[in-house]
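A structural walkthrough
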Amino acid sequence: MSVLTKNELIVDVLLRPHGKVMMVAFFLIFLAASAGMAQPFIIRDLVDVAIPQGDFSYTSKLAIGLVTVAACVNAINVIQASLLNKIGQSIASGLRIKLFKSFMGYPLEYFSKTNAGALQSKIISDVSALQNFFTLSSASLASYTALVIANVIALGVLDIRLLLISVFLVPLAAYVNITIGEKKKNLARRKSEKLEGLGEYINQSLSESGVSVIKTFGRDRYAEEAFERRSNELSAVEVSGALTGRWQLSLINFLFACSPALTYWFVGAIEMKGGGHVSIGTIVAATGLQYALFGPFIGLLKIMIEFQSSSSILERIVRSVNSSYINTNVRPSSADAFDPSGSDFIICENISFSYDSHEEFVIRETSIKIKLGSKVALVGTSGSGKSTLAYILCGLYLPTSGNVFVDGQNTKYMDNVNRSGLIGIVSQDCYLFSVSILENFKIACPGVSREQIVESCKDARVHDFISSLPEGYETVVGDRGACLSGGQRQRIALARMLLKRPKIIIFDESTSALDSVLEQEIFELLRVKLRNHTVVFVTHRLSSIQSADEILLMSDGKIISQASHFQLLDESDLYQKLVRAQSSI
């Protein structure tokens, strides 16, 4: 995917899909402004002709004309505002969808370092800020532009001298506007960062785990003070943003407000010196046009400042869309995408992995070969890299260097749909969506029948528990499955993977919350149910994997031995130490 610039995002993604409707809306805006141009000329004729001549018929016609123009302008404005509101809502929805799709394209290691609150801030807060700009300011921009052009033309037609008096302050106003805009842009960027930080803190502190830790250690006051500090910092930035440029804009407002007085002075001067004549109707119409001009012009200045503020938010969104993390779901073909010699095997070729290019490797120069259909255990000391290697094997993490081939396919070039049909993983921290138990299964495996779900739950020894619940399979499990125990979540996650049943399944400490008897029972059942599947068990409980075909022993990010249980007992001091440690418990 090519890199999107900010302008391309605005034009191609946001504006082009709505081009025809926007053209209609802008046409209506200019039509309303053009219709409004008739008002000062009607007023001039009323003051200079109809009323002085006592022509009641002409006065009535002009009055009706004023009312008609006002009615038409208001009706047109209602229609164009409705059109632009729909466009703004559609643009905001499109941005949210594009951001969500972009984040879904990020690899798993990105989310291990990024708080969900930061992503929520980008999708919700940033897009909402832009939505307000596109919904309200775009309509105002077109309307103000049309009104300024229309009023300038009308003033020029009335008297070119009065037009020059009216616009001589424009260069000063433009300079002040640019200065304010830069300050507003920086403040808008700071506001987005503060909102993101606040969202992160709320997401951490008000989660079940966060509240549990805070209450366990009696740190309620600390949490409240930390939130208060972040909230006050955000408020300070928002106040600065609201007040920045207020005095400068007030000065411009004051100077523009003096223009009618300057007009009266100028007309008086030329009348007294015999430099020409300006009718009373022209003066009244001109001052009316000045007021009609300055309001939209000041509005344009504010919108340009707002646009500069919004551009910093748009830049954040563009960076997210163009991130180097993107597009791991759709991966280009390559000469090393397939290796026929690796068919029927999982092969790791000298792989290394780090979560960040500046961090040290978690997995270092590791090579392994696993026969498809075998039952393999992955063991080692805590922090040796077992879970990280498991995520690399199933393609959720991509190696920083080296290659992983599964049945001849390089995981770097597998799309998510094909990969999920080939490899699956059940992790220790089993995630359940905050929906019903039944819906959790259907999210993972759409199209399955209730009978199939029940059967997989029976295999995972969780059906009886679910049936005992008042609402059975319709029970909503809460955030991350908070309404269930750790063991119940693990068995539901196990049942979910048995329902999917890919060719290769990795169990990463996925039975750690179960007692050893139930764990052994489930392991024996898995050997029967998955006898034709490749199974990798990542576990600390060595007693449950002694019958594995092979055991991979890890230490300090590397596979140091690959053999059976009894061979490792004879050959590996580390494995003997692990077995003795568990035997003494």
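Residues numbered from 1 in each chain as written. Predicted model: local features only at pLDDT ≥ 70, side-chain atom pairs only at ≥ 80, totals over all residues. Heavy atoms only, no water.

1. Examining the overall build of the protein
The helix and strand inventory of the protein stands at 22 helices and 10 strands. Within the protein, the fraction of its 585 residues that count as buried is 46%. Look at the contacts in the protein between residues 6 or more apart in sequence, and 77% of them connect residues 24 or more apart. For the protein, the exposed area adds up to about 29,000 Å²; of that, 59% sits on carbon and sulfur atoms. (Helix = DSSP H or I, 4+ residues; strand = E, 2+ residues; numbered from the N terminus. Buried < 20%, exposed > 50% of the residue type's maximum accessible area, 1.4 Å probe, protein only. Contact = heavy atoms within 4.5 Å. Areas by Shrake-Rupley, 256 points an atom, 1.4 Å probe, with all protein chains shown as cover.)

2. Overview of the pairing of strand β8 (residues 534–538)
Extensive coverage of β8 is indicated by the burial of 5 of its 5 residues. Residue alternation in β8 divides its side chains into two sets, Thr534, Val536 and Val538 and Val535 and Phe537, and both sets are buried. The pairing of strand β3 (residues 375–380) with β8 spans 4 bridges and is parallel. Counted as the bridge partner of Val376 is Val536 from β8. Inspection of the sheet shows strand β7 (residues 504–508) paired to β8 by 5 bridges, in the parallel sense. Bridge pairing in β8 links Ile504 to Thr534. In terms of handedness, the path from β7 via helix α20 (residues 516–529) over to β8 forms a crossover that is right-handed. (Pairing = 2+ DSSP bridges. Right-handed = clockwise from strand over helix to strand, strands pointing away.)

3. What about the environment of Ser382?
Note that Ser382 resides in the loop between β3 and α14 (386–393). As for Ser382 and Asp556, which are separated by 174 residues in sequence, their C-alpha atoms are 9.4 Å apart.

4. Observations regarding the pattern of salt bridges
One pass over the structure, following the stated rule, counts 9 salt bridges. Between Glu238 and Lys191 there is a salt bridge whose closest N-O contact spans 3.8 Å. Taken together, the residues Glu238 in helix α10 (residues 220–243) and Lys191 in helix α8 (residues 170–205) connect sequence positions 47 residues apart. Exposure remark for Glu238: the relative accessible area of 37% places this residue in the partly exposed category. Among the residues examined, Lys191 registers a relative accessible area of 34% and is labelled partly exposed. Glu233 is paired through a salt bridge with Lys194; the nearest N and O atoms lie 3.4 Å apart. Pair noted here: Glu233 is in helix α10 and Lys194 is in helix α8, with a separation of 39 residues, a long-range link. The structure contains a network of salt bridges with shared partners spanning Arg221, Glu224 and Glu225. (Salt bridge = Lys/Arg side-chain N within 4 Å of Asp/Glu carboxyl O.)

5. Some remarks on the nonpolar core
Counting 48 residues, the largest nonpolar core has Phe507, Leu526, Ile545 and Tyr575 as the members making the most contacts within it. It is helix α19 (residues 486–500) that provides the largest number of residues to this core, a total of 7 residues. The contact partners of Phe507, leaving out residues within four places of it in the chain, are Val426, Leu494, Leu526, Leu530, Val535, Val536, Phe537 and Val538. (Core = buried A, V, L, I, M, F, W, Y, C linked by side-chain atoms within 4.5 Å.)

6. Focus on the sheet that holds β7
On the basis of which strands lie adjacent, the open sheet formed by 6 strands has the order β6-β7-β8-β3-β9-β10 and mixed pairing. At either margin of the open sheet sits one strand with a lone partner, and together these are β6 (423–426) and β10 (558–563). Averaged over all pairs of adjacent strands, the angle between their axes in this sheet comes to 20 degrees, without regard to strand direction. Where β6 meets β7, 4 bridges bridge the pair, whose relative direction is parallel. Among the inter-strand pairings, Val426 is bridged to a residue of β7, identified as Phe507. Relative to β6, α19 is tilted by about 170 degrees, and along the sheet it contacts β6 and β7. (Axes fitted to C-alpha atoms, helices over the stretch in contact; angles between N-to-C directions.)

7. Regarding helix α7 (residues 160–167)
Listing the buried residues of α7 in full gives Leu162, Leu163, Ile165 and Ser166. All buried residues of α7 lie within an arc of 160 degrees about the axis, which places them on one face of the element. (Arc of directions from axis to C-beta.)

8. Focus on empty space enclosed by the protein
Applying the stated rule across the entire model yields 3 cavities of 30 Å³ or more. Volume-wise, the second largest cavity comes out at about 40 Å³. For the lining of the second largest cavity, the secondary-structure elements that each account for two or more residues are α20 and β8. Of the residues that constitute the lining of the second largest cavity, the class distribution is 4 nonpolar, 3 polar and 2 charged. (1 Å grid on protein atoms, 1.4 Å probe; cavity = no way out; pocket = protein on both sides within 12 Å on 5 of 7 lines; lining within 4 Å. Points joined across faces, edges and corners; volume = space filled by probe spheres on them. Nonpolar A, V, L, I, M, F, W, Y, C, P; charged D, E, K, R; others polar.)

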